[in-house]
Number of protein chains: 2
Amino acid sequence: MLTIQKEDSTTMKYTFAARFNNITPSGIRAVLEKAAGPDMINFSPGFPDNDAFPANDIQKISQDVLKEDIYTILQYSRGTTYPPLKKALKAFFNRQEKIFTENDDLMVTSGSGEGLEMAAKVFLNPGESIIVEDPTFVGALNGFISNDAKLLGVPVESDGMNLGLLEEAMQSTPAPKLLYIIPTFQNPTCITTSLEKRRAIYDLCLKYNIIILEDNPYGTLRFKGKTIPTLKSIDTEGIVVYCASLSKIISPGIRLGTIIANKEIIDKFNILKGASAGAVTNWSQHVIARFLETVDMDKHLAHLQSVYGKKSTFMVEMMKKTFHPDVKFTTPEGGMFVWFELPKYADARTFLNRATTMHIAIVNEETFAVNRRDKMNGFRLSFTSATMEQIETGIAKLGKLTYELCK
Amino acid sequence: MLTIQKEDSTTMKYTFAARFNNITPSGIRAVLEKAAGPDMINFSPGFPDNDAFPANDIQKISQDVLKEDIYTILQYSRGTTYPPLKKALKAFFNRQEKIFTENDDLMVTSGSGEGLEMAAKVFLNPGESIIVEDPTFVGALNGFISNDAKLLGVPVESDGMNLGLLEEAMQSTPAPKLLYIIPTFQNPTCITTSLEKRRAIYDLCLKYNIIILEDNPYGTLRFKGKTIPTLKSIDTEGIVVYCASLSKIISPGIRLGTIIANKEIIDKFNILKGASAGAVTNWSQHVIARFLETVDMDKHLAHLQSVYGKKSTFMVEMMKKTFHPDVKFTTPEGGMFVWFELPKYADARTFLNRATTMHIAIVNEETFAVNRRDKMNGFRLSFTSATMEQIETGIAKLGKLTYELCK
């Protein structure tokens, strides 16, 4: 029951829905606040590099579409997705593999977060379960929890989820209905699930009647190695719901994500979107449609891959040069992050606190963890928004810190 | 349990969350589809008049803010609400009465729909109840239902909800936690709750520990009569959550709504928004901030009031001239709609079908009803987006139809 009690003249006491007890406040924000300062080096967020933004194109296109379509842009839209944008996105996603099939439809969302959160609402009744990689994107976890979903975490290995533990999770009661996975350049570990494991995971989902929610915000940011087919492209049975975002490759401020899935499924997403936020801002939809129609996307992506490839390589080189040999890390082939792990004997909390005190913002494994483990010694470093100078200075300082903690 | 069965080569069978069983497909869309045609007269949607859009201002402001702040606009925002927009909205809402108090905070939403839907999630556990006016805005109802809320409808009289039935609803088990109300120019009935009833409703909510969700999208569109204080402005105890929208007074395509409530409550809205859609498109937030800072809003609103006042007056005059005397309707003092009721002896379904066949789109009471009633003979007519010629022709045709059905 709701109780409203006056505590003093300015504070009321409210009773909120129980779901808030399970939502973790953002560890990323907390670190950022502590590390704040004029000399802060920010390895924490998955923010694009300002230099990677197609600022001139957006300015020009905005002026054009506002001139041509001002009344359409200012009025309510018909439906959630602007038809020319749907067409352009379909072409974009299908340029290398068949992601959008003839049985599919597409709905535009506000970033990919809205689509992920809605997926729980589309498929799960309160208290039902979703299988997730552990660790994984904390924003998605909070979205699922906000719909009273139960999380079943499956540990991630160097080539993807542990299959034995995954099948165990699938056999739990009540039967899980959804599996959430970032198969390419996973957040936060930057691991890419191997093709073999993708096929095995897909087959297990078919066997246990589980819908796959494939989140692929970083797939196009591959700067080396060979592309591995998405789960959506190997899906013959219509069980994959594919989420992508233009946040990392065009602009996050424009808030444009996409869900691609069987028409029946997209119908449900449209119903929920109509009963909540409605369509994404028409301006964003018109600008991005025109952008995809007129800009050479291969060239644009090649530019991003080059910018981030350089930064990533430099960060890894600096880590090789300055980090204690007991610290493990992998060399990313794409995405926005490097993941490293301190040896089990070192204290991760001290490392985090000392880094923060030096005004270096990094994010620790605990922030992304589904199940508490004894020793969570991993850290995520973003190389995208820091400058080369900041990478050089910041990694050297962190390197010194690894030597102080590993002896 | 989820079952995926292949029915034929192109259709899968999915099991979706049970909440979809309770969401009504939009009756408005169905009517629009049936009435479609090159000569359609559309009295159905709450769309602003194109002439009421400040198109030139938006074009100019867009160019300015994209020139000044392009990188801020393209990057992720910090938090859900752009601080200068918060400041401008606070000033706007407080220009006539104290809506935003020192204990309050404000969050920007995608239209007001997102905020209404989230309110159910902030306060209600699955299966808990919300009291609503009957009939009321169907979009809000679907938002509540999509969060597994139970609706308790209270009939609306000419001066607001029936107080006896309201108190009865408040005493039901489990105890309702929220009351949703559009006190000014209610959708669809265009009724304005009297000050006396506002105070009585407020006192009842205090007595029964119920949070009031006050939705006020039309309040500024008053073209005659005296303004009645909002529930938020008479709220001394912090129990009113105030939702407003710029959709009806600036542009719906820009998708900008607002929630104003006690800081503790807004914190929860921010958590949910961060775990879902994230901030509203930065462009919209920057453009509207600048708009509110630089445009004379009193003059702008006076223009809208004049445009809609004229259309409303003309529609009512035409109804007086052409409708059968047994049809009851009120003269709106603001908002976007005229509500009329056929006499109980006339058949509303036939009226709707005949109007639709004549390509006149109107919306019937059933679309907005919470509880099924025997005779739902009301209809909503929107006077905002039709031209004066369409109002003249359309109302004359509907008038003829009233004579055919009332004899």
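The rules behind the values
- Residues numbered from 1 in each chain as written.
- Chains lettered and ligands numbered in written order.
- Predicted model: local features only at pLDDT ≥ 70, side-chain atom pairs only at ≥ 80, totals over all residues.
- Heavy atoms only, no water.
- Helix = DSSP H or I, 4+ residues; strand = E, 2+ residues; numbered from the N terminus.
- Buried < 20%, exposed > 50% of the residue type's maximum accessible area, 1.4 Å probe, protein only.
- Contact = heavy atoms within 4.5 Å.
- Areas by Shrake-Rupley, 256 points an atom, 1.4 Å probe, with all protein chains shown as cover.
- Salt bridge = Lys/Arg side-chain N within 4 Å of Asp/Glu carboxyl O.
- Axes fitted to C-alpha atoms, helices over the stretch in contact; angles between N-to-C directions.
- Left-handed = near helix turned anticlockwise from the far one by under 90°.
- Nonpolar A, V, L, I, M, F, W, Y, C, P; charged D, E, K, R; others polar.
- Core = buried A, V, L, I, M, F, W, Y, C linked by side-chain atoms within 4.5 Å.
- Phe/Tyr/Trp six-rings, centres within 6.5 Å; stacked < 30°, edge-to-face > 60°.
- Lys NZ or Arg CZ within 6 Å of the ring centre and 35° of its normal.
- Least-squares fit on C-alpha atoms with pLDDT ≥ 70 in both.
- Domains from an automatic or database assignment.
- Buried area = accessible area lost by both parts, 1.4 Å probe.
- UniProt positions renumbered as here; feature names shortened; annotations may be inferred.
- Expected span 1.5 Å × (residues − 1).
- Arc of directions from axis to C-beta.
- Parallel < 35°, antiparallel > 145°, perpendicular 65-115°, else oblique.
- Pairing = 2+ DSSP bridges.

A few points about the overall build of chain A
Here comes step 1: Across its full length, chain A carries 12 helices and 16 strands.
Here comes step 2: Along the first, second and third principal axes, the C-alpha atoms of chain A reach 65 × 60 × 55 Å.
Here comes step 3: Burial status across chain A gives 63% buried among its 407 residues.
Here comes step 4: Long-range pairs, those at least 24 residues apart, make up 76% of the contacts in chain A with a sequence separation of at least 6.
Here comes step 5: Split by element, the accessible area of chain A, about 15400 Å² in all, is 51% carbon and sulfur.

Some words on the pattern of salt bridges
Here comes step 1: Here the structure, examined in full by the defined rule, presents 42 salt bridges over all chains.
Here comes step 2: Salt-bridge contacts for Glu366(B) lead to Arg349(B); the nearest nitrogen and oxygen are separated by 2.8 Å. Pair noted here: Glu366(B) is in the loop between β15 (363-364) and β16 (378-382) and Arg349(B) is in helix α11 (residues 348-357), with a separation of 17 residues, a long-range link.
Here comes step 3: For Glu366(B), a relative accessible area of 26% puts it in the partly exposed group.
Here comes step 4: Residue classification places Arg349(B) among the exposed residues on the basis of a relative accessible area of 54%.
Here comes step 5: Beyond isolated ion pairs, a larger network of salt bridges with shared partners links Glu68(A), Arg290(A) and Glu293(A).

Remarks on the packing of helix α11 (residues 348-357) of chain A against helix α12 (residues 388-405) of chain A
For any two helices packed against each other, one specifies the inter-axial angle together with the distance between the axes.
All names here are of chain A.
Here comes step 1: Following both chains from N to C, one finds α11 and α12 inclined at 145°, their axes separated by 11 Å at the closest point. Along this stretch, α11 crosses α12, giving a crossing that reads as right-handed. Across the interface between the two elements, Thr-350, Phe-351, Arg-354 and Ala-355 of α11 pack against Leu-398, Leu-401, Thr-402, Glu-404 and Leu-405 of α12.
Here comes step 2: Of the residues in the contact of α11 with α12, the class split is 5 nonpolar, 2 polar and 2 charged.

Examining the nonpolar core
Here comes step 1: The biggest cluster of nonpolar side chains holds 159 residues, and the ones touching the most others in it are Phe43(A), Leu398(A), Phe43(B) and Leu398(B).
Here comes step 2: Residue contributions to this core peak at 10 residues, all from helix α10 (residues 297-322) of chain A.

A word on the packing of aromatic side chains
Here comes step 1: According to the stated counting rule, one finds 29 aromatic pairs over all chains in the structure shown.
Here comes step 2: With 6.2 Å between their ring centres and 85° between their planes, Phe323(A) and Phe329(A) make a pair best called edge-to-face.
Here comes step 3: Judged by relative accessible area, which is 4%, Phe323(A) ranks as buried.
Here comes step 4: Classification of Phe329(A) by relative accessible area gives partly exposed; the value is 23%.
Here comes step 5: Ring centres 5.3 Å apart and planes at 20° place the aromatic pair Phe340(A) and Phe379(A) in the stacked group. In this pair, Phe340(A) is assigned in strand β13 (residues 337-341) and Phe379(A) in strand β16 (residues 378-382), connecting sequence segments 39 residues apart.
Here comes step 6: Among the aromatic residues, those joined into a ring-pair cluster are Phe323(A), Phe329(A), Phe340(A), Phe351(A) and Phe379(A).
Here comes step 7: Its guanidinium or amino end placed over the ring of Phe92(B), Arg95(B) lies 4.2 Å from that ring's centre, counting from NZ or CZ.
Here comes step 8: When the ring centre of Phe20(A) is taken as origin, the NZ or CZ atom of Lys268(B), which lies over that ring, is 5.0 Å away.

Some points on the environment of Ala140(B)
All names here are of chain B.
Here comes step 1: Following the sequence through the fold, Ala-140 ends up in helix α5 (residues 138-145).
Here comes step 2: Note on Ala-140: relative accessible area 3%, which makes it buried.
Here comes step 3: For Ala-140 and Phe-20, which are 120 residues apart along the polypeptide, the C-alpha to C-alpha distance reads 15 Å.
Here comes step 4: Those residues within four positions of Ala-140 in sequence are excluded, and the remaining contacts are Leu-116 and Tyr-180.

With respect to the relation of the copies chain B and chain A
Here comes step 1: The transformation that overlays chain B on chain A combines an axial shift of 0.0 Å with a rotation of 180°, and the residual RMSD is 0.0 Å. Between the two chains, the operation in question is that of a two-fold axis.
Here comes step 2: Interface overlap between copies: 100% of the residues of chain B at the interface are likewise at the interface in chain A, consistent with a symmetric, same-surface contact.

A few points about the domain arrangement of chain A
Residue and element names in this part refer to chain A.
Here comes step 1: Looking at chain A, the domain boundaries give domain 1 (20-51 + 297-403) and domain 2 (54-293).
Here comes step 2: Here domain 1 and domain 2 have C-alpha centroids that lie 25 Å from each other.
Here comes step 3: Taken together, the 30 residues of domain 1 in the interface contact 34 residues of domain 2.
Here comes step 4: Between domain 1 and domain 2, the buried area comes to about 2800 Å², and carbon and sulfur atoms account for 66% of it.
Here comes step 5: The largest contributions to the domain 1 side of the interface with domain 2 come from Met-297, Glu-333 and Val-370, which together make up 22% of the buried area.

Considering the UniProt feature "domain: Aminotransferase class I/classII large" (unreviewed entry) in chain A
Here comes step 1: Using the residue numbers shown here, the UniProt feature "domain: Aminotransferase class I/classII large" (unreviewed entry) corresponds to residues 39-397 of chain A.
Here comes step 2: With 40% helix and 17% strand, residues 39-397 of chain A has its two end C-alpha atoms placed 13 Å apart.

Side note on the environment of Ile249(A)
Residues and elements named next belong to chain A.
Here comes step 1: Take Ile-249: it is sitting in the loop between β10 (240-245) and β11 (257-262).
Here comes step 2: Sequence separation between Ile-249 and Val-363 is 114 residues; the distance between their C-alpha atoms is 22 Å.
Here comes step 3: The contacts of Ile-249, once residues within four sequence positions are left out, are Phe-92, Thr-220, Leu-221, His-300, Leu-301 and Leu-304.

Section: α12(A)
Residue and element names in this part refer to chain A.
Here comes step 1: Between its first and last C-alpha, α12 extends 26 Å over 18 residues, near the 26 Å set by a 1.5 Å rise per residue.
Here comes step 2: Buried within α12 are the following residues: Ile-391, Gly-394, Ile-395, Leu-398, Gly-399, Leu-401, Thr-402 and Leu-405. Buried residues of α12, seen end-on, are gathered within an arc of 160° and therefore sit on one face of the element. Away from its buried face by more than 90 degrees, α12 exposes Glu-389 and Lys-400.

Examining the packing of helix α2 (residues 55-74) of chain A against helix α2 (residues 55-74) of chain B
Here comes step 1: Direction vectors running N to C along α2(A) and α2(B) enclose 150°, while the axes themselves pass 10 Å from each other. Classified by the angle their axes make, α2(A) and α2(B) are roughly antiparallel. Taken as a pair, α2(A) and α2(B) cross one another with a handedness that is right-handed. Along its contact with α2(A), which presents Ala55(A), Ile58(A), Gln59(A), Ser62(A), Gln63(A), Leu66(A), Lys67(A), Ile70(A), Tyr71(A) and Leu74(A), the element α2(B) presents Ala55(B), Ile58(B), Gln59(B), Ser62(B), Gln63(B), Leu66(B), Lys67(B), Ile70(B), Tyr71(B) and Leu74(B).
Here comes step 2: Of the residues belonging to the contact of α2(A) with α2(B), the class tally is 12 nonpolar, 6 polar and 2 charged.

What to know about the sheet that holds strand β6 (residues 150-157) of chain B
All names here are of chain B.
Here comes step 1: With mixed pairing, the 8 strands of this open sheet are ordered in space as β4-β11-β10-β9-β8-β5-β6-β7. Each edge of the open sheet carries a strand with a single partner, namely β4 (104-109) and β7 (160-161).
Here comes step 2: Here β6 pairs with β7 via 2 bridges, running antiparallel. Its bridge partner lying in β7, Val-156 is registered against Met-161.
Here comes step 3: Here helix α6 (residues 163-170) sits on the sheet and contacts β5 (129-134), β6, β7 and β8 (178-181); the angle it forms with β6, its principal contact strand, is near 165°.

Details of unusual backbone geometry
Residue and element names in this part refer to chain A.
Here comes step 1: A cis amide bond, omega 5°, links Asp-134 with the succeeding residue Pro-135.
Here comes step 2: Note that Pro-135 resides in the loop between β5 (129-134) and α5 (138-145).
Here comes step 3: Each neighbour pair has its own omega, and for Thr-173 with Pro-174 the value is -5°, a cis peptide bond.
Here comes step 4: Mapped onto the secondary structure, Pro-174 falls in the loop between α6 (163-170) and β8 (178-181).

Quick look at the environment of Glu196(A)
Residue and element names in this part refer to chain A.
Here comes step 1: Turning to its location among the elements, Glu-196 is positioned in helix α7 (residues 195-207).
Here comes step 2: Glu-196 gets classed as exposed once you look at its relative accessible area, which sits at 68%.
Here comes step 3: Each C-alpha atom, one on Glu-196 and one on Leu-256, is 31 Å from the other, the two residues being 60 residues apart in sequence.

What to know about the pairing of strand β11 (residues 257-262) of chain B
Residue and element names in this part refer to chain B.
Here comes step 1: Taking burial as the measure, the 6 residues of β11 include 6 buried ones, the bulk of the element.
Here comes step 2: The sheet contact formed by β4 and β11 spans 6 bridges and is antiparallel. Each residue of the ladder has a partner; that of Met-107, found in β11, is Ile-259.

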